[in-house]
Amino acid sequence: MAKASKPSEPRANLIEIPHSVAVRQLAELLQVSAIDIIKQLMRNGIFANINQVIDYEAATAVAADLGYEAQLKPMATIGKSKRYRPYGEELSGLRPRPPVVTIMGHVNHGKTRLLDAIRQTNVMATEAGGITQHIGAYQVEVNGQKITFLDTPGHEAFTAMRARGAQVTDITILVVAADDGVMPQTLEAIDHARAAEVPIVVAINKIDKPDANPELVKQQLADAGLLIEEWGGDIVSVPISAKEKTGISELLENLLVVAEMEDLKADPSRPAVGVVIEAELDKSKGPLATVLIQTGTLRLGDTVVGGGTWGRIRAMFNDMGKRVRKAEPAMPVELLGLNSVPQVGDILTSVAGEHHARALIQKHQQEIQQQPSLLPKAVSLDNLFAQISAGQVKELNVILKTDVQGSIEPIKSSLEQLAMEQVQVRIIHSGSGNITESDVMLAIASKGLIIGFGTGIEAGARRLADVEGVDIRSYNVIYNLVNDVDKALKGMLEPTYVEVIDGRAEIRAIFTAGKKGKIAGVYVTEGKVSRGASARVRRGEQIVCESEVSSLRRFKDDAKEVTSGYECGVGIRDFSDFQVGDILELFRKEKAG
């Protein structure tokens, strides 16, 4: 049977439409995407999501706009109703909520300026004279519908919060400069959004510049796996100039279209649940926390508990600095009344009262003490087979970093070919350069591991990986890299030993100790120094000695260990060539996994 030509071609095909039809059904009837239907409805002043039912008149208008002639489908031929009922009676409290949007992109491509342009446009339109305050998020109103923007670093929204179990972002705007194109951080942002399974809307910025080339950007995006709508894909792309404030309205309207497709809902009638997106200790006000309400309604006077903190809400402020008495789903508010500063990513829940809050805090503290035994181990090559066998892992997420760009594809294809029936190997991010904290954050959030090929590990990344238990593997030979992953998948990999840093100390003075040579006077900056511990002396990037602590004294007394914040004298076996400014690193080896 010949395939119908695209409805965008001028024609007047006859089509039967029932008295009422769901947006999804109408899209199937007209052979277009549901996004096209939603956009057309919006142009006609109707806001509907993919599962919403519209009447015959509205459907006929859309059909006409798309080149169809509609007629009413007789009742006798309709048969059983196929109307979509996405929510059962038990979910009757669910209501549409505003989308939560995060802006990401390469440095200097206009993320901050776009946030400012959106906010200023909205403030001028709806809150003339209002004084905004930075609480980490703000809301704008478009055609009577609200959109919440997270004004936090993109990776924070995707990784730190996801690592703590909080999925806060519904849509991400990927900002790409029309004069600069897709850059390394652009690709990183795409991978973070994909790992979080969040839809992407592309804003091609700086179209006012004389050397702007939006078509090249679209080609580069296609090469990165983002095919925009006009090229036959499903990614919405909007040309804008944040500087000139052009294209902003169209961008916001497209965000509403994507939000309708996502069918975002929450129950405002239940007790509030929210996530902490910013927190600080104010000298005059005490602990302050910006909370994004995810479901329920938070009211003044409610008692909340989250992480290790609790309190009774004494005051709430919106992003305009105004006092509010309640906060509904997807609304950001700054809270006053907590007894301590919570952590970013903590889930705050409204509870019955102080007694209940204290009981939950006590339970939380007990769980922290039992945490090592309660929590499943992070995925590593050493425990991978055990986790596959236990059914805990269906997909091995890998962050791949290499010394040069050319090494990525052969390693990537080799690893992806190792997929087995029980588990798939998925490269969620790849790039050249050192392994960074951002890579570790992505590994935490996606429960993945990091593989480095011929590249270094930044100190901050190493520390974070040690604390969070992220497995970082370094290789210089592709065969060894692929072979280790293959063996891990099959449960044949020999156990490895990883290095754990116990402490660091800065050498601030050098003393002569007779026949013993020289003693380093050090200040312990982190962790501890222990007698007999393995130690290395670092001079800048260079390791000048690797040995062990032979002597440890505090004032004139021998000491077993000295903790951070204190000074002590350290002797290193078979080494005395200390220099002021050297860093003493204390470490031990332990079995991985």
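Residues numbered from 1 in each chain as written. Predicted model: local features only at pLDDT ≥ 70, side-chain atom pairs only at ≥ 80, totals over all residues. Heavy atoms only, no water.

**Quick notes on the sheet that holds strand β7 (residues 137-142)**
Then, in step 1: The sheet built from six strands is open, its strands ordered β7-β8-β6-β9-β10-β11 with mixed pairing. The sheet is open, and its two edges are formed by β7 and β11 (236-239), each paired on a single side. This sheet shows a mean twist of 30° between the axes of neighbouring strands, independent of strand direction.
Then, in step 2: In terms of strand pairing, β7 meets strand β8 (residues 145-150) through six bridges, oriented antiparallel. Its bridge partner being in β8, V140 is matched across the sheet by I147. (Pairing = 2+ DSSP bridges. Helix = DSSP H or I, 4+ residues; strand = E, 2+ residues; numbered from the N terminus. Axes fitted to C-alpha atoms, helices over the stretch in contact; angles between N-to-C directions.)

**Brief notes about the confidence of the model for the protein**
Then, in step 1: Residue-level pLDDT values for the protein average 81, and 84% of them are 70 or greater.
Then, in step 2: Predicted confidence for residues 124-132 stays below pLDDT 50, and this span has twelve contacts to residues more than four positions away or in other chains. (pLDDT = per-residue confidence, 0-100. Contact = heavy atoms within 4.5 Å.)

**Here we look at the packing of helix α6 (residues 184-195) against helix α12 (residues 437-446)**
Then, in step 1: Running from N to C, α6 and α12 point in directions that differ by 15°, and their axes come no closer than 11 Å. By the criterion of interaxial angle, the relationship of α6 to α12 is roughly parallel. Judged by the twist between their axes, the crossing of α6 over α12 is left-handed. On the side of α6, the interface is formed by E188, H192 and A195, while α12 contributes S438, D439 and L442.
Then, in step 2: Its residues assigned to classes, the contact of α6 with α12 comprises two nonpolar, two polar and two charged. (Parallel < 35°, antiparallel > 145°, perpendicular 65-115°, else oblique. Left-handed = near helix turned anticlockwise from the far one by under 90°. Nonpolar A, V, L, I, M, F, W, Y, C, P; charged D, E, K, R; others polar.)

**Focus on the nonpolar core**
Then, in step 1: Of all hydrophobic cores here, the largest spans 54 residues; its most connected members are L30, I37, L114, F149 and I173.
Then, in step 2: For this core, the element with the most residues is helix α8 (residues 248-262), which contributes eight residues.
Then, in step 3: Ranked by size, the runner-up nonpolar core spans 22 residues in total, among them L381, I411, I451 and L481. (Core = buried A, V, L, I, M, F, W, Y, C linked by side-chain atoms within 4.5 Å. Buried < 20%, exposed > 50% of the residue type's maximum accessible area, 1.4 Å probe, protein only.)

**Considerations on the pattern of salt bridges**
Then, in step 1: Throughout the structure, instances matching the rule amount to 24 salt bridges.
Then, in step 2: With a shortest N-O distance of 3.0 Å, D558 and R553 are connected by a salt bridge. (Salt bridge = Lys/Arg side-chain N within 4 Å of Asp/Glu carboxyl O.)

**Examining the pairing of strand β19 (residues 332-338)**
Then, in step 1: Among the seven residues that make up β19, seven are buried, leaving the element largely enclosed by the rest of the structure.
Then, in step 2: Two elements, strand β14 (residues 286-295) and β19, share five bridges in a ladder whose sense is antiparallel. Opposite V291, over in β19, you have V333 as the bridge partner.
Then, in step 3: Relative to β19, strand β17 (residues 309-317) runs antiparallel, the two sharing four bridges. Each bridged residue has a counterpart across the sheet, and for M316 the counterpart in β19 is L335.

**Some words on unusual backbone geometry**
Then, in step 1: At Q31, a position not held by glycine, the phi torsion is positive, near 55°.
Then, in step 2: Of note, Q31 is situated in the loop between α1 (23-30) and α2 (34-43).
Then, in step 3: At D574, a position not held by glycine, the phi torsion is positive, near 60°.
Then, in step 4: As for its position among the elements, D574 is in the loop between β31 (567-572) and β32 (583-591).
Then, in step 5: By relative accessible area, which is 77% here, D574 ends up exposed.

**Some details on the packing of aromatic side chains**
Then, in step 1: If you walk through the whole model with that rule in mind, you get two aromatic pairs.
Then, in step 2: Over the ring of F317 we find K285; its NZ or CZ atom is 5.5 Å from the centre of that ring.
Then, in step 3: The ring of F587 carries the charged tip of R536 above its face, separated from the ring centre by 4.1 Å. (Phe/Tyr/Trp six-rings, centres within 6.5 Å; stacked < 30°, edge-to-face > 60°. Lys NZ or Arg CZ within 6 Å of the ring centre and 35° of its normal.)

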